[in-house]
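Here is what each chain is made of, one letter per residue.
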Amino acid sequence: MTRNILIVDDDTDLLRQMWTALSREGFNAVVACDGDAGLRLLRSRTRDLVVTDIIMPNREGLETIIQIKQEWPDTKILAISGGMRTAPAEFLKLALLLGADEVLPKPFSLSELSMHVKGLLRDAGEVAQA
Amino acid sequence: MNADDPLARHALNNLLGKMMGAAELALMDVEAPGVRAELELIVRLAKEAALLVAASATPRSDRPGP
């Protein structure tokens with residue numbers, strides 16, 4: 001079964017790279033450039049997993065994570081961040097507190113991203129089968 | 001560039017991540033061993049540079065000497 005993934009990041013180069021890598025792994029991936037656009041896509045079709053950046057225009061990632069967990073509690077969330085004025089770890093700790101299932105600090109390799117995505121979806125599949 | 005500046009580190013991390021990604025995506029399509037070796041080197045060097053950027057975030061007193 002093809003798993004559906006939403007990727008949210010305002011960096012269009014990175015967005016394209018993540019989309020390409022995950023699509024090549026066989027996932028059905030769609031992209032959004034901020035939290036608002038991501039939530040609109042989720043409302044049109046739920047996803048198994050959301051990869052979201054934290055610092056973005058319009059609706060930023062932490063707020064997006066809260067909203068996703070309220071509306072789609074079963075959707076897995078992988079938060080990614082390079083931080084800004086603070087270390088990425090600080091944003092990512094907050095993301096975990098707010099409902100992200102896993103975090104990945106930038107910079108990361110696409111193989112690391114793929115490994116995290118597969119791990120989260122495997123866990124979700126095991127829970128669904130239990 | 002001041003490596004102690006968090007905004008500069010953020011910008012560097014973004015660049016390194018995309019360099020790594022570009023090389024990894026190219027590796028998916030390239031079979032020539034020589035080209036693959038260079039692309040793999042780019043990935044490895046970008047990872048090493050990311051470690052240096054992370055180390056620059058460590059307070060000077062905590063950094064390994066000299």
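Computed from a predicted model, the values in this text were never measured in an experiment.

(A) Quick peek at the interface of chain B and chain A. In this assembly, 17 residues from chain B lie in contact with 18 residues from chain A. Around 1,500 Å² of area is buried between chain B and chain A when both sides are counted, 59% of it from carbon and sulfur atoms. For chain B, the biggest contributors to the area lost against chain A are His10(B), Lys18(B) and Leu25(B); these three give 34% of the whole. Here Lys18(B) ties to Asp11(A) by a salt bridge, and the two come within 2.8 Å at their closest N and O atoms. Taken together, chain B and chain A are joined by six residue pairs in polar contact (both at pLDDT 80 or more). At the level of elements, α1 (6-29) and α2 (33-56) of chain B are the ones that each hand at least two residues to the side of chain B that touches chain A. In terms of residue count, α1(B) provides more of the side of chain B that touches chain A than any other element does, 15 residues in total. Of the residues assigned to the side of chain B that touches chain A, the class counts are eight nonpolar, five polar and four charged.

(B) Representation of the packing of α1(B) against α2(B). Residue and element names in this part refer to chain B. At a closest axis distance of 9 Å, the pairing of α1 and α2 adopts a crossing angle of 160 degrees. Between α1 and α2, the angle falls in the class roughly antiparallel. The hand of the α1/α2 crossing is left-handed. Counting all contacts with α1, which are made through Arg-9, Leu-12, Asn-13, Leu-16, Met-19, Met-20, Ala-23, Glu-24, Ala-26 and Leu-27, the residues of α2 involved are Arg-36, Leu-39, Glu-40, Ile-42, Val-43, Ala-46, Lys-47, Ala-49, Ala-50, Val-53 and Ser-56. The residue inventory of the contact of α1 with α2, partitioned by class, reads 14 nonpolar, two polar and five charged.

(C) Expanded view of the pattern of salt bridges. With the rule as written, the count across this model stands at 15 salt bridges over all chains. Its salt-bridge partner being Arg36(B), residue Glu40(B) comes within 3.9 Å of it at the nearest N-O pair. Of this pair, Glu40(B) and Arg36(B) both sit in helix α2, separated by four residues, roughly a single helical turn. Among the ionic pairs, Glu48(B) bridges to Arg44(B), the shortest N-O distance being 2.9 Å. With a gap of four residues between them, Glu48(B) and Arg44(B) both fall in helix α2, about one helical turn apart. Residue Glu48(B) is classed as partly exposed on the basis of its relative accessible area of 38%. For Arg44(B), a relative accessible area of 45% gives the class partly exposed. Three or more residues are tied together by salt bridges with common partners; here these are Asp9(A), Asp53(A) and Lys106(A).

(D) Molecular detail of α1(B). Relative to the 34 Å expected for 24 residues at 1.5 Å per residue, α1(B) spans 35 Å between its end C-alpha atoms, a close match to the ideal helical length. In this structure Asp5(B) caps α1(B), since a side-chain oxygen of it lies 2.9 Å from the backbone nitrogen of Leu7(B).

(E) View of the nonpolar core. Residue and element names in this part refer to chain A. Counting residues in hydrophobic clusters, the biggest one holds 21 residues, and the most contacted among them are Ile-5, Ile-7, Met-18, Val-51, Leu-113 and Val-117. Listing elements by their share of this core, those giving two or more residues are β1 (4-8), α1 (12-24), β3 (49-53), β4 (76-81) and α5 (110-129). When neighbours within four sequence positions are excluded, Ile-7 is seen to be in contact with Leu-15, Met-18, Trp-19, Leu-22, Ala-29, Val-30, Val-31, Ala-32 and Val-51. Judged by nonpolar contacts, the second largest core, of 19 residues, contains Leu-6, Val-8, Ala-79 and Ala-95.

What counts, and where the lines are drawn
The numbers attached to residues start from 1 for each chain and follow its sequence in the written order. Chains carry letters and ligands carry numbers; both start at the beginning, A for chains and 1 for ligands, and go up in the order they are written. Two thresholds apply to this predicted model, a pLDDT of at least 70 for residue-level local features and 80 or more for giving and counting side-chain atom pairs, whereas whole-chain, interface and lining totals are computed over all residues. Computation of side-chain values covers all heavy atoms of the structure but excludes hydrogens and water. By definition in these notes, contact holds between two residues if any of their heavy atoms fall within 4.5 Å. What counts as buried area is the accessible surface, traced by a 1.4 Å probe, that two parts surrender upon association, with contributions from both included. Counted as salt bridges are all cases of a side-chain nitrogen of Lys or Arg within 4 Å of a carboxyl oxygen of Asp or Glu. Polar contacts, as counted here, are pairs of nitrogen or oxygen atoms within 3.5 Å of one another; within protein the pair requires one atom able to donate a hydrogen and one able to accept it, and residues that are adjacent in sequence qualify only if both atoms are side-chain atoms. A run of H or I in DSSP counts as a helix once it spans at least four residues, and a run of E counts as a strand once it spans at least two, with each numbered from the N terminus. Each residue receives one of three labels: charged for Asp, Glu, Lys and Arg, nonpolar for Ala, Val, Leu, Ile, Met, Phe, Trp, Tyr, Cys and Pro, and polar for the others, Gly being one of them. Where helices are involved, their axes are fitted lines through C-alpha atoms of the stretch in contact, as for all axes, and angles between N-to-C directions lie from 0 to 180°. Roughly parallel means an angle under 35 degrees; roughly antiparallel means over 145; roughly perpendicular covers 65 to 115; every other angle is labelled oblique. Crossings are sorted by hand: turned counterclockwise from the far helix by less than a right angle, the near helix makes the crossing left-handed, and turned clockwise it makes it right-handed. Accessible area is worked out with a 1.4 Å probe on protein chains only. A residue is then buried under 20% of its type maximum, exposed over 50%, and partly exposed in between. Each residue after the first adds 1.5 Å to the expected span of a helix. Here the nonpolar core consists of buried residues drawn from Ala, Val, Leu, Ile, Met, Phe, Trp, Tyr and Cys, with membership extended through side-chain atoms lying within 4.5 Å.

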